[in-house]
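Take a look at the letters that make up each chain.
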Amino acid sequence: ALYRHFRTPVACGGTLFEAVYAKGKLDEFKTWLTEHRFAHVEISDGTIEIPRDEKLELIRDFARDFTVLSEVGSKDSEVVYAPYQWVDWIKEELEAGSWKVITEAREGGTAGIFRKDGDMRTGLIDEIAHGVALDDLIFEAPTKSSQAWFVKHFGPNVNLGNIPPDEVIPLETLRLGL
């Protein structure tokens, strides 16, 4: 109710979606989202495998009733996709109805757009930004150094996610150039 009062949309994380999918409870999940007045939903496959065509169909289906955020990338640091795959998949998910596509990074910055040692895959990020409009992306940036890199590289209005609560104010001061 507080979020709705301030007109701030709320979405359940993609891990909840994946748990619901794995249990075959998508219809119940949709009903629950509607009953609790969620307007946004995240569709991801970072911890489980959803066939590509099926994921795109799920995005199309949910986009009929919700604002969909989808996520590309794996939470498994051993899984590495080529940059062209990221770009193709992001474009497919946008065409299927995603409002924004999130680039996976895990909470510790050790998978997806990061290497397992925590280094950012800046070449991958540049390939993604070259192939997809920045406004259509949300880059997960769980570390202060990655937040600073994104703001410096793409400007203060870059869409960032997976920001630890205690870093929200420092990030905003960075965005403001303070």
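Scoring rules and cut-offs
- Numbering of residues starts from 1 in each chain and follows the order in which that chain's sequence is written.
- It should be noted that, the model being predicted, local features are given only for residues of pLDDT at least 70 and side-chain atom pairs only at 80 or more, the latter also being counted only at that level, while totals for whole chains, interfaces and linings use all residues.
- Calculation of side-chain values draws on the structure's entire complement of heavy atoms; hydrogens and water are dropped beforehand.
- Comment: elements are numbered from the N terminus, with helices defined as DSSP H or I runs of at least four residues and strands as E runs of at least two.
- We take the radius of gyration over the C-alpha atoms and set the globule estimate at 2.2 Å times the residue count to the 0.38 power.
- A simple rule labels every residue: compare its accessible area, found with a 1.4 Å probe on the protein chains alone, to the largest value its type can have, and call it buried under 20%, exposed over 50%, or partly exposed in between.
- Only heavy atoms enter the contact rule, under which two residues are in contact if any of them lie within 4.5 Å.
- Computed by Shrake-Rupley with a 1.4 Å probe, the accessible areas treat only the displayed protein chains as cover when residues are assessed.
- Here, any two strands with at least 2 DSSP bridges between them count as paired.
- Call a crossover right-handed when, viewed with both strands pointing away from you, the route from the first strand across the helix to the second goes clockwise.
- The rule is short: rings of Phe, Tyr and Trp, with Trp giving its six-membered ring, pair when the centres are within 6.5 Å, and they are stacked under 30 degrees, edge-to-face over 60, tilted in between.

Colleague: Would you explain the overall build of the chain in this entry?
Modeller: For the chain, the helix and strand inventory stands at eight helices and six strands. Seen in sequence order, the chain has helices and strands lined up from the N terminus as α-β-α-α-β-α-β-α-β-α-β-α-β-α. A compact globule built from 178 residues would reach a C-alpha radius of gyration of about 16 Å, and the chain, at 16 Å, matches this within 12%. With 178 residues in all, the chain has 43% of them scored as buried. Counting contacts in the chain only where the partners sit at least 6 residues apart, residues at least 24 apart contribute 63% of the total. Accessible area for the chain stands at about 9,800 Å²; split by element, carbon and sulfur atoms hold 53% of it.

Colleague: Explanation requested: the pairing of strand β5 (residues 137–140) in the structure shown.
Modeller: Working note: regular strand, side chains alternate between the two faces of the sheet. Of the two faces of β5, the one lined by Leu137 and Phe139 and the one lined by Ile138 and Glu140 are each fully buried. Where strand β4 (residues 98–103) and β5 come together, three bridges link them in parallel fashion. Along β5, the bridge assignment pairs Ile102 with Ile138. Crossover β4 to β5 through helix α6 (residues 122–131) is right-handed.

Colleague: Would you take a moment to explain the side chain of Lys30 for this structure?
Modeller: Residue placement: Lys30 occurs in helix α3 (residues 26–35). Ignoring any residue separated from it by four or fewer positions in sequence, one finds Lys30 in contact with Asp61, Phe62 and Phe66.

Colleague: So what exactly am I meant to see when it comes to the pairing of β4 here?
Modeller: Burial within β4 is extensive, with five of its six residues counted as buried. Where strand β3 (residues 67–72) and β4 come together, five bridges link them in parallel fashion. Across the sheet, Leu69 pairs through a bridge with Lys100, a residue of β4. You can see the chain leave β3, run along helix α5 (residues 83–96) and come back into β4, and the turn it takes is right-handed.

Colleague: I keep staring at the packing of aromatic side chains and nothing clicks. Help me out?
Modeller: Taken as a whole and judged by the stated rule, the model has 13 aromatic pairs. On the basis of an interplanar angle of 90° and a centroid distance of 5.8 Å, the ring pair of Trp149 and Phe154 is categorised as edge-to-face. Relative accessible area serves as the criterion here: at 22%, Trp149 is assigned to the partly exposed category. In this structure an aromatic cluster arises from ring pairing among Phe17, Tyr21, Phe29, Trp32, Phe38, Phe62 and Phe66.

Function cannot be inferred from these measures alone, as they are strictly geometric.
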